[in-house]
There are 2 protein chains.
Amino acid sequence: MRLTNYFLPLLKEAPKDADIISHQLMLRAGMIKQSSSGIYIWLPMGLAVLKKIEQIIREEQVKAGALEMLMPTIQTADIWKKSGRYDDYGKEMLRIVDRHDREMLYGPTNEEQVTDLVGSFIKSYKSIPKTFFHIQWKFRDEIRPRFGVMRCREFLMKDAYSFDLSEEEGERSYNKMFVSYLRIFKKMELNAIPMKAESGPIGGNMSHEFIILAETGESRVYIDKKLLELEIPDDDIDYSVNLSSVVKKWTTPFAVTEDLYNESEFHKNVLTNDRVMEKGIEVGHVFFFGDKYTKPMNASIQNNEGKIVPLQSGSYGIGVSRLVAAIIEAHHDDRGIIWPKSVSPFDVSLINLKPSNPEVSNICNEIYVKLQENKYNVIYDDTETSAGEKFSRMDLIGIPLQIIVGPNSIKENKIEIKERKNNSRKYINLSEIYNEFPLQA
Amino acid sequence: MRLTNYFLPLLKEAPKDADIISHQLMLRAGMIKQSSSGIYIWLPMGLAVLKKIEQIIREEQVKAGALEMLMPTIQTADIWKKSGRYDDYGKEMLRIVDRHDREMLYGPTNEEQVTDLVGSFIKSYKSIPKTFFHIQWKFRDEIRPRFGVMRCREFLMKDAYSFDLSEEEGERSYNKMFVSYLRIFKKMELNAIPMKAESGPIGGNMSHEFIILAETGESRVYIDKKLLELEIPDDDIDYSVNLSSVVKKWTTPFAVTEDLYNESEFHKNVLTNDRVMEKGIEVGHVFFFGDKYTKPMNASIQNNEGKIVPLQSGSYGIGVSRLVAAIIEAHHDDRGIIWPKSVSPFDVSLINLKPSNPEVSNICNEIYVKLQENKYNVIYDDTETSAGEKFSRMDLIGIPLQIIVGPNSIKENKIEIKERKNNSRKYINLSEIYNEFPLQA
């Protein structure tokens, strides 16, 4: 993408009400624009990151055996009355009346909808286990939206729902999602720590939050250092086996959020040198709640003895849009964002220091075309601005690698490659560039 | 995907209120489930098709120079009051009041929102032309939703918006979208005919509907046969040149919808043998409306003479979810759906006629694994049901190719490959299968 064709409305300064660094950087880097309170427009570069995150989640959820489907944003109030949550949910639920005066709502979550669906189709134990997921916009009418997309009203969530015959099998499904989450966050270069959690309005008897560590996080967490060194199953993971040993390994060391924190417990359970007090951001939450929804909503099946029993169910959420901000909280410096490679909106940036110089531009154009042929997604700064402006812009938007081409370096037949993360630079011969960026799969 | 792991809740019979064939087939094939009036859940196979269509549109819009972004579903009423459409829009607009009593709405379209955005960022003629698109859920509170996803309330739409300095340049942007649409529908194997249209509530002075021909269409269209033989620019199209000649070629022959139809005009303009009267389904609509929104909303820029002028704008919609139904209307027979290859939820189906036979299952498993390695998305019927049921199920869901493996054929070291479209069958040697399905890019 040529920058002259792109839409990257950078701001010199973030608005005063942007309190946290991710919100400031997302505004300054032209990723989002507020549309109304707690509701955002995703500008091209912001959307590109959102889609990368979405795709990582999708692939990992599919790998873990979940089936993708898509529920609508607008739900009928009827199913929420059946589950008993219509009154409980309070003002955070955006309630709507349609032209025929029917009570509708913008889904804040989908336990009711998916349970209603499953109850109407799945009648036999032979059709389960099943775990469904969807990636859909949700709305929660926060009384005071803030922190940009971190605590907004319209947000993108991945939510999955498992349906099993017994509690024991339900726990197997829970474990799969648990491990899938470890893998998902790792792929985004996030240290996500599962912590035992209260289940809140979702309900249930087993629940973990996944909290990533970031200096600028919203709440304190207290963990055992061992958690930072635990292994996460790699790509050859087999989801058909019981993953309880992995879950056990991850849930045994001490880890609590501040609302459950008790100092003497912490000191009793964790050696002085292993005590880590950090700030954290919740990015995922998993629940197992058995028949909490399936019972009132009559989502029952016939078991292998011919008996009708309610399905055992759990739900598994990830804040997709929130992750964009959370990744920035964990990956930035004073010059701007530093995208992990897996979620970067572009693979590489190409900076033409002198577009008016035909020799420099010819070389840049050639690199631009060839890198795209080699399947790199390139942002090409072909604008007539100063070198200083180009450098600080590229640092701000945080593409992992910068290829810098200017009149001086090409005199010596050299180009510069800079790594955004550590600011390391190397000069390579022009002819070597396609060794650095070979054809990708 | 093994059918035993998939979720494909087929119906023996479509509900009585499913009036049109696409609605019947989508329900029978387990693609959608009604959630409430005019609102649907997309089950895994339905979503797979929806995503394929979305991706074709995305790629073609990007190719035509449009930038993808994403606007939220919930908008503030303020911008609609500015444009003057808040009162005009009537009961089809889903109006919402949030917890702070602010007037909001679920976007039925996005002219206001994008114009507001562009007006706040684009100030100079140097930053244009720009065309943005997004693929987002919309809501129109139809008084009587019907025909399944063809005329529903919550629907997925691709809408693009162009911003130019002058009317002439605006027309260039219009032409790009026009040609992009021809290409998009062709990729889905649809005969889409652009027809001069009234611009209705969107407004403007130039407008074309894209209508696909299908026997079961909702309204009559009258066209000159020549339109069925016109060429569509291929993959090496250059969008940087003025495409008015292509647009002219496509808009010159006679083509009208029934509301503009006049028999004597038709007879005067089209030779008897060239008169085609068919049924049609609207799948896209393009508008050029100049400063209709930019003027009241103050989206103005400085031109190259330093003068402040309103931007010249157009909008370009495609009914993404509606296309799923429209494609079925155009591609089915009495046994079920016949997916065009480009939008099929799976590339190929594999039917194991006897899963209890280890020899048959070993061969099927090997084919299943190897085809996936070769990058084919395979639906593998590994269920213990009768051959008849397997055949009719696969015909119903319409995957273009079926690989059929049973005890009789493997005795002769043969497998059967059936093309869904024309029911043609061939028997090949087992060893030849990977010539038929070589490694794909």
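Residues numbered from 1 in each chain as written. Chains lettered and ligands numbered in written order. Predicted model: local features only at pLDDT ≥ 70, side-chain atom pairs only at ≥ 80, totals over all residues.

## Focus on the overall build of chain A
- Within chain A one finds 13 helices and 23 strands.
- Here the C-alpha coordinates of chain A stretch approximately 80 × 60 × 45 Å along the principal axes.
- Counting the 441 residues in chain A, one finds 47% classified as buried.
- Across chain A, contacts joining residues at least 24 apart in sequence account for 72% of those joining residues at least 6 apart. (Helix = DSSP H or I, 4+ residues; strand = E, 2+ residues; numbered from the N terminus. Buried ≥ 20, exposed ≤ 12 C-beta atoms within 10 Å, placed from the backbone. Contact = placed C-beta atoms within 7 Å.)

## Here's the deal with the pairing of strand β5 (residues 94-97) of chain B
Residues and elements named next belong to chain B.
- Because side chains alternate across β5, one face comprises the buried residues L94 and I96, and the other comprises R95 and V97, none of which is buried.
- Relative to strand β6 (residues 103-106), β5 runs antiparallel, the two sharing four bridges. Looking across to β6, one finds that V97 is bridged to E103.
- Between the end of β5 and the start of β6, which pair antiparallel, lie five residues, with D101 showing a positive phi angle near 65°. (Pairing = 2+ DSSP bridges.)

## Some details on unusual backbone geometry
All names here are of chain A.
- Note that the residue after I128, namely P129, is joined by a cis bond; omega there is 0°.
- Here P129 is to be found in the loop between α5 (111-121) and β7 (130-139).
- Phi is positive for D101, close to 65°, though the residue is something other than glycine.
- Structurally, the position occupied by D101 is in the loop between β5 (94-97) and β6 (103-106).

## Focus on the confidence of the model for chain A
- Across chain A, pLDDT averages 95, with 99% of residues at or above 70.
- Model confidence for the complex: the whole-complex pTM is 0.97, and ipTM, which rates the interface, is 0.96. (pLDDT = per-residue confidence, 0-100.)

## Quick look at the relation of the copies chain B and chain A
- With an RMSD of 0.0 Å, the fit of chain B onto chain A corresponds to turning through 180° and sliding 0.0 Å along the axis. Taken together, the turn and the small shift mark the pair as related by a two-fold rotation axis. Among all C-alpha atoms of chain B, that of I96 of chain B lies closest to the rotation axis, at 2.9 Å. (Least-squares fit on C-alpha atoms with pLDDT ≥ 70 in both.)

## Re the pairing of strand β23 (residues 425-429) of chain B
- When you tally the buried positions in β23 of chain B, you get zero out of five residues, a small fraction of the element.
- In textbook terms, the turn of a hairpin is the stretch between consecutive antiparallel strands, and for strand β22 (residues 414-419) of chain B and β23 of chain B this stretch comprises five residues, one of which, N423 of chain B, has a positive phi near 65°.

## Some points on the sheet that holds β6 of chain A
Residues and elements named next belong to chain A.
- Judged by pairing direction, the sheet is antiparallel, and its three strands sit side by side in the order β4-β6-β5 without closing on themselves. Strands at the two margins of the open sheet, each flanked by one partner only, are β4 (74-76) and β5. Pairs of neighbouring strands in the sheet enclose a mean axial angle of 35°, with direction left out of account.
- Strand direction decides the pairing type here: β4 and β6, joined by three bridges, are antiparallel. Across the sheet, the residue bridging to I74 is Y106, located in β6. (Axes fitted to C-alpha atoms, helices over the stretch in contact; angles between N-to-C directions.)

## Let's talk about the domain arrangement of chain A
All names here are of chain A.
- Taken as a whole, chain A is organised into domain 1 (21-337) and domain 2 (346-436).
- The interface of domain 1 with domain 2 comprises six residues on the first partner and four residues on the second.
- In the side of domain 1 that touches domain 2, the residues fall into three nonpolar, one polar and two charged. (Domains from an automatic or database assignment. Nonpolar A, V, L, I, M, F, W, Y, C, P; charged D, E, K, R; others polar.)

## Here's the deal with the interface of chain B and chain A
- Each partner contributes to the interface: chain B provides 37 residues, whereas chain A provides 37 residues.
- Contributing elements (two or more residues each) for the side of chain B that touches chain A: β1 (32-36), β2 (39-42), α2 (44-63), β3 (67-68), β4 (74-76), β5, α5 (111-121) and β7 (130-139) of chain B.
- For the side of chain B that touches chain A, the element with the most residues is β2 of chain B, which contributes four residues.
- By residue class, the composition of the side of chain B that touches chain A is 23 nonpolar, six polar and eight charged.

## So, the nonpolar core
- In terms of nonpolar packing, the biggest core is built from 249 residues, with I53, F185, A192 and I212 of chain A together with F185 and I212 of chain B touching the most fellow members.
- Residues within four places of I212 of chain B in sequence aside, it is in contact with F185, L190, N191, A192, G280, I281, V283, A326 and A330 of chain B. (Core = buried A, V, L, I, M, F, W, Y, C linked by C-beta atoms within 7 Å.)

## Thoughts on the sheet that holds strand β19 (residues 348-352) of chain B
All names here are of chain B.
- If you walk across this open sheet you meet the five strands as β20-β19-β21-β22-β23, and the pairing is mixed. Edge positions in the sheet fall to β20 (378-381) and β23, since each of these pairs with one other strand and no more. Along the sheet, successive strands turn relative to each other by an average axial angle of 25°, direction set aside.
- Here four bridges tie strand β21 (residues 401-405) to β22, and the two strands are oriented antiparallel to one another. Paired with Q402 across the bridge in β22 is K418.

## Observations concerning the packing of α2 of chain B against helix α9 (residues 320-330) of chain B
All names here are of chain B.
- Across the interface, α2 lies against α9 with an axial gap of 9 Å and an inter-helix angle of 110°. On the basis of their axis angle, the class for α2 and α9 is roughly perpendicular. α2 and α9 meet at a crossing whose hand is right-handed. Together, G46, V49, L50, I53, E54 and I57 of α2 and V320, S321, L323 and V324 of α9 make up the contact between the two elements.
- Class assignment for the residues of the contact of α2 with α9 results in seven nonpolar, two polar and one charged. (Parallel < 35°, antiparallel > 145°, perpendicular 65-115°, else oblique. Left-handed = near helix turned anticlockwise from the far one by under 90°.)

## Examining the environment of T252 of chain A
All names here are of chain A.
- Along the chain, T252 falls in the loop between α7 (244-251) and β12 (255-257).
- Taking the C-beta count within 10 Å as the criterion, T252 has 12 such neighbours and is therefore assigned exposed.
- The spacing of T252 and D224 is 28 residues in sequence and 9.8 Å in space, taken between C-alpha atoms.

## Overview of helix α6 (residues 167-187) of chain B
- Given a rise of 1.5 Å per residue, 21 residues ought to cover 30 Å, and the 30 Å separating the end C-alpha atoms of α6 of chain B matches this to within 8%.
- Positive phi shows up at E189 of chain B, right after α6 of chain B, with a value of about 60°. (Expected span 1.5 Å × (residues − 1).)

## Considerations on the packing of α6 of chain B against helix α7 (residues 244-251) of chain B
All names here are of chain B.
- It is the contact of α6 with α7, at a shortest axis distance of 9 Å, that shows an interaxial angle of 60°. In terms of orientation, α6 and α7 fall into the oblique class. For α6 against α7, the interelement crossing comes out left-handed. Residue-level inspection shows N175, F178, V179 and L182 of α6 in contact with α7, the latter providing S244, V246, V247 and W250.
- Considered class by class, the residues forming the contact of α6 with α7 number six nonpolar, two polar and no charged.

## Brief notes about the environment of N422 of chain B
All names here are of chain B.
- For N422, the location among the structural elements is in the loop between β22 and β23.
- For N422, a count of 9 C-beta atoms within 10 Å gives the class exposed.
- Between the alpha carbons of N422 and L353 there is a distance of 21 Å; along the sequence they are 69 residues apart.

## Describing the environment of G314 of chain A
Residues and elements named next belong to chain A.
- With respect to the helices and strands, G314 occurs in strand β16 (residues 312-319).
- The spacing of G314 and D291 is 23 residues in sequence and 9.0 Å in space, taken between C-alpha atoms.
- In contact with G314, not counting residues within four places along its chain, are S162, G170, S173, Y174, V286, F287, F288 and F289.

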